[in-house]
Amino acid sequence: MRAWLEIDLGVIGQNVDVIKSYIGKTGIIAVVKSDAYGHGIEQTAKLLEKKGVLAFAVISLEEAVRVRRVSNIPVLIMGYLDDQEIEQAIACGFVLSLFDKDLAHLYEAAAHKLGRTAMVHLKVETGLNRLGLQADEAEFILMNQGKFPHLRIESVYSHLSTSSVREDNLGQLARFQKLLAKFHAAGEKLPLHMANSHALGNFQEGFFSATRLGLALYGVDEVIPGLQPSLECKAVIIQRKTVKKGEGISYNKLFRAPKNMEVGVIGIGYGEGLSQALTGKANVLVNGKKTPILGQICMNLSVIDLTGIQGERGTVVTVVGKQDDETISVIDLAKAAGIRHHEILCRFGLALPRTYINDPFAVTDQTVRNILLEPVEAVVGAST
């Protein structure tokens, strides 16, 4: 391989232990959408179930099915479902997010047609102004459950807009609590979830029944002490060459050699998730030394400075991760590119093959390939 991701499942397991010791009796809803933030849904879900998470959260039916292939604990689908997918999701026993008042009627009709009960979490708008019921809509649904006999409301939740800022979290909590007070006055008490990864360190008031965690599980950001990154991105040197003083490097000659230089061409570019926004801003690690990417990042290749550094064809280069005492993090790349670290992870995850370290299930590449090739309809059909 010329570029790949290394995922340490042992580190994810350790991160879960750190989080559990911090949040106490509060449960964990593990967010594994977007292929578990690039870490791989199947292997990650198997590991997280073993570590005792309460449930999984995904964005689509396809992701929910992939989780169900390896785990039997609840799966919350937080995103859009068309009419056919609604029926399939209910038939499979997935939990649906109810974030629009019209969905209550769609879910009720689909469940009635199937002779099933649709399990739902009410998503309440408190300040993100994205998906979510307004307070009066959520109140109507909860206070008129007799109108929706085929719906079982299992939880109420909301989504923080600026979770690293405690004051904003408290403002959203106040809106959430106004609605909850009405429920409690009517004798309604349901499990709740609101806090996410970046709220772990500043918003214990929002832990409720569960925390809904993504980045913290993968240790991308040390939001509480002890979390470690579980992902590294690596590539190999394809060619080493000499570039003379004054010559341009890569497209458009954005970099010109200020002296005679030794450079290496590595097998990763924006087609593999290394954003072109990092042109002139990113480094890699070669034999424990940090060295810059030179010139414009290409689709599948980049050029690095090897002047004074050992490295030949086949030498492994670390794009994200640690070599000796040097580290380049996903956050480093995100800051340099001016994009969110979530995006860096997802880009790598979509483009690069993965290898797993400390995998207690020893899932082979061929097994993963077979799982991904199995049609979604086959799993859905088996569950109906």
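Every chain is numbered independently, its residues counted from 1 as its sequence is written. Restriction of local features to residues with pLDDT of at least 70 applies here, the model being predicted, together with a cutoff of 80 or more for giving and counting side-chain atom pairs; totals for whole chains, interfaces and linings are based on all residues. Side-chain numbers come from the whole structure's heavy atoms, not from hydrogens or water.

Colleague: Give a description of the overall build of the protein chain that names residues and reports values.
Modeller: Within the protein chain, the regular secondary structure consists of 13 helices and 19 strands. Projected onto its principal axes, the C-alpha coordinates of the protein chain cover approximately 80 × 45 × 40 Å. Here the term buried applies to any residue with accessible area under 20% of the maximum for its type, exposed to any over 50%, and partly exposed to those in between, with areas from a 1.4 Å probe on protein chains only. In the protein chain, which comprises 384 residues, the share counted as buried stands at 53%. The contact criterion used throughout is that any non-hydrogen atoms of two residues lie within 4.5 Å. Considering only intrachain contacts with a sequence separation of at least 6, the fraction spanning at least 24 residues in the protein chain is 67%. Shrake-Rupley sampling with a 1.4 Å probe provides the accessible areas, and residues are treated as covered by the protein chains on show and by no other component. For the protein chain, the exposed surface amounts to about 17,000 Å²; the carbon and sulfur share of it is 50%. By the criteria applied, helices consist of DSSP H or I runs no shorter than four residues and strands consist of E runs no shorter than two, each listed in order from the N terminus.

Colleague: How would you explain the environment of Asn300 if you had to name every residue and give the values?
Modeller: Secondary-structure assignment places Asn300 in the loop between strand E15 (289–294) and strand E16 (302–305). With 165 residues separating them in the primary sequence, Asn300 and Ala135 have C-alpha atoms 49 Å apart. If near-sequence neighbours (up to four positions away) are discounted, Asn300 is found in contact with Arg2, Ile266, Gly267, Ile268, Gly269, Gly271 and Glu272. Within the structure, the side chain of Asn300 is placed 2.8 Å from the side chain of Glu272, a separation counted as a polar contact. Pairing of N or O atoms within 3.5 Å defines a polar contact, subject to two protein rules: one partner must be a possible hydrogen donor and the other a possible acceptor, and residues neighboring in sequence count only if both atoms are side-chain atoms.

Colleague: Please provide a residue-by-residue account of helix H11 (residues 341–351), values included.
Modeller: Listed in full, the buried residues belonging to H11 are His341, His342, Ile344, Leu345, Phe348 and Gly349. All buried residues of H11 project into a common sector of 165° when viewed along the axis, lining one side. For this quantity, the arc is that covered by the directions from the helix axis to the C-beta atoms.

Colleague: Help me get a handle on the packing of aromatic side chains, residues and values and all.
Modeller: A pair of Phe, Tyr and Trp rings is counted when the ring centres sit within 6.5 Å of each other, with Trp represented by its six-membered ring. The angle between the planes then sorts it: under 30 degrees is stacked, over 60 is edge-to-face, the rest tilted. In this structure the tally under the stated criterion is 2 aromatic pairs. Aromatic pair Phe176 and Phe208: ring centres 5.8 Å apart, planes at 70°, arrangement edge-to-face. Here Phe176, found in helix H8 (residues 166–185), pairs with Phe208, found in the loop between strand E8 (192–193) and strand E9 (210–213); they are 32 residues apart in sequence, far enough to count as distant. Accessibility expressed as a relative area gives 0% for Phe176, which makes it buried. For Phe208, a relative accessible area of 26% corresponds to the partly exposed category. For a ring to carry a charge above it, either NZ of a lysine or CZ of an arginine must fall within 6 Å of the ring centroid while also lying within 35 degrees of the normal to the ring plane. One residue, Lys50, lies across the ring of Phe361, its end atom 5.7 Å from the ring centre.

Colleague: Please give an account of helix H10 (residues 330–337) that cites residues and values.
Modeller: For H10, every residue scored as buried is listed here: Val330, Ile331, Leu333, Ala334 and Ala337. Down the axis, H10 shows its buried residues gathered within 160° of arc, on one side only. Packed against the buried residues of H10 are strand E17 (316–323), strand E18 (326–328) and H11. Note on H10: the residue one or two positions beyond its end, Gly338, has a positive phi of about 75°.

Colleague: I'd like a description of the nonpolar core, backed by residues and values.
Modeller: Think of a nonpolar core as a cluster: buried Ala, Val, Leu, Ile, Met, Phe, Trp, Tyr and Cys residues, connected wherever their side-chain atoms sit within 4.5 Å. In this structure, Leu48, Leu98, Ile268 and Phe348 are the most contacted members of the largest nonpolar core, which totals 116 residues. Not counting chain neighbours up to four residues away, the residues in contact with Leu48 comprise Ile12, Val16, Ala30, Val32, Val53, Phe56 and Leu217. The next biggest cluster of nonpolar side chains, apart from the first, holds 8 residues, and it includes Val243, Met261, Val263 and Leu294.

Colleague: Outline unusual backbone geometry, supporting the account with residue identities and numerical values.
Modeller: A positive phi angle, close to 55°, is found at Asn129, a residue other than glycine. Tracing the backbone through its elements, the reader meets Asn129 in the loop between strand E6 (118–123) and helix H7 (135–143). The exposed category is assigned to Asn129, whose relative accessible area is 63%. Unlike most non-glycine residues, Asp324 shows phi in positive territory, near 55°. Looking at where Asp324 falls in the secondary structure, it is placed in the loop between E17 and E18. Judged by its relative accessible area of 58%, Asp324 falls in the exposed class.

Colleague: Give me the lowdown on the pairing of E16, citing residues and values where you can.
Modeller: Here E16 shows a buried face lined by Ser302 and Ile304 and a second buried face lined by Val303 and Asp305. Pairing of strand E13 (residues 261–266) with E16 involves 4 bridges; the strand directions are antiparallel. Bridging from a neighbouring strand, Val265 pairs with Val303 of E16. Between any two strands, pairing holds if DSSP finds at least two bridges. Where E15 meets E16, 2 bridges bridge the pair, whose relative direction is antiparallel.

Colleague: Tell me what's going on with the packing of helix H1 (residues 9–23) against helix H3 (residues 41–50), and back it up with residues and numbers.
Modeller: A fitted line through C-alpha atoms serves as each axis, taken over the contacting stretch for helices, and the angle formed by two N-to-C directions is quoted from 0 to 180°. One can describe the packing of H1 onto H3 by two numbers: an axis separation of 10 Å at closest approach and a directional angle of 40°. Classed by the angle they form, the pair H1 and H3 counts as oblique. Viewed along their axes, H1 and H3 form a crossing whose handedness is right-handed. Along the contact surface, H1 presents Leu9, Ile12, Gly13 and Val16, while H3 presents Gln43, Leu47 and Leu48. Class assignment of the residues belonging to the contact of H1 with H3 gives a composition of 5 nonpolar, 2 polar and no charged. Here is the rule for angles: anything less than 35 degrees is roughly parallel, anything more than 145 is roughly antiparallel, 65 through 115 is roughly perpendicular, and the remaining ranges are oblique. By definition, any crossing whose near helix is turned counterclockwise from its far helix by less than a right angle is left-handed, and any crossing with a clockwise turn is right-handed. Here the term charged refers only to Asp, Glu, Lys and Arg, the term nonpolar to Ala, Val, Leu, Ile, Met, Phe, Trp, Tyr, Cys and Pro, and the term polar to all other amino acids, Gly among them.

Colleague: Residues and numbers for the environment of His121, please.
Modeller: Mapped onto the secondary structure, His121 falls in strand E6. Along the backbone, His121 and Pro225 are 104 residues apart, and their C-alpha atoms lie at a distance of 31 Å.

Colleague: Could you give an account of the side chain of Asp8, naming the residues involved and the relevant values?
Modeller: Mapped onto the elements of the fold, Asp8 is located in strand E1 (residues 3–8). Counted as positive: Lys and Arg. Counted as negative: Asp and Glu, with His and the chain ends omitted from the count. A carboxyl oxygen of Asp or Glu within 4 Å of a side-chain nitrogen of Lys or Arg is what we treat as a salt bridge. Buried charge without a salt bridge: Asp8, with Lys234 as the nearest opposite-charge side chain at an N-O distance of 9.8 Å. Here the side chain of Asp8 touches Gly10 through a polar contact of 3.0 Å, landing on its backbone nitrogen. Among the polar contacts listed, one links the side chain of Asp8 to the side chain of Asn358, at a separation of 3.0 Å. Discounting residues that sit within four places of it in the chain, Asp8 has contacts with Ser230, Ile357 and Asn358.

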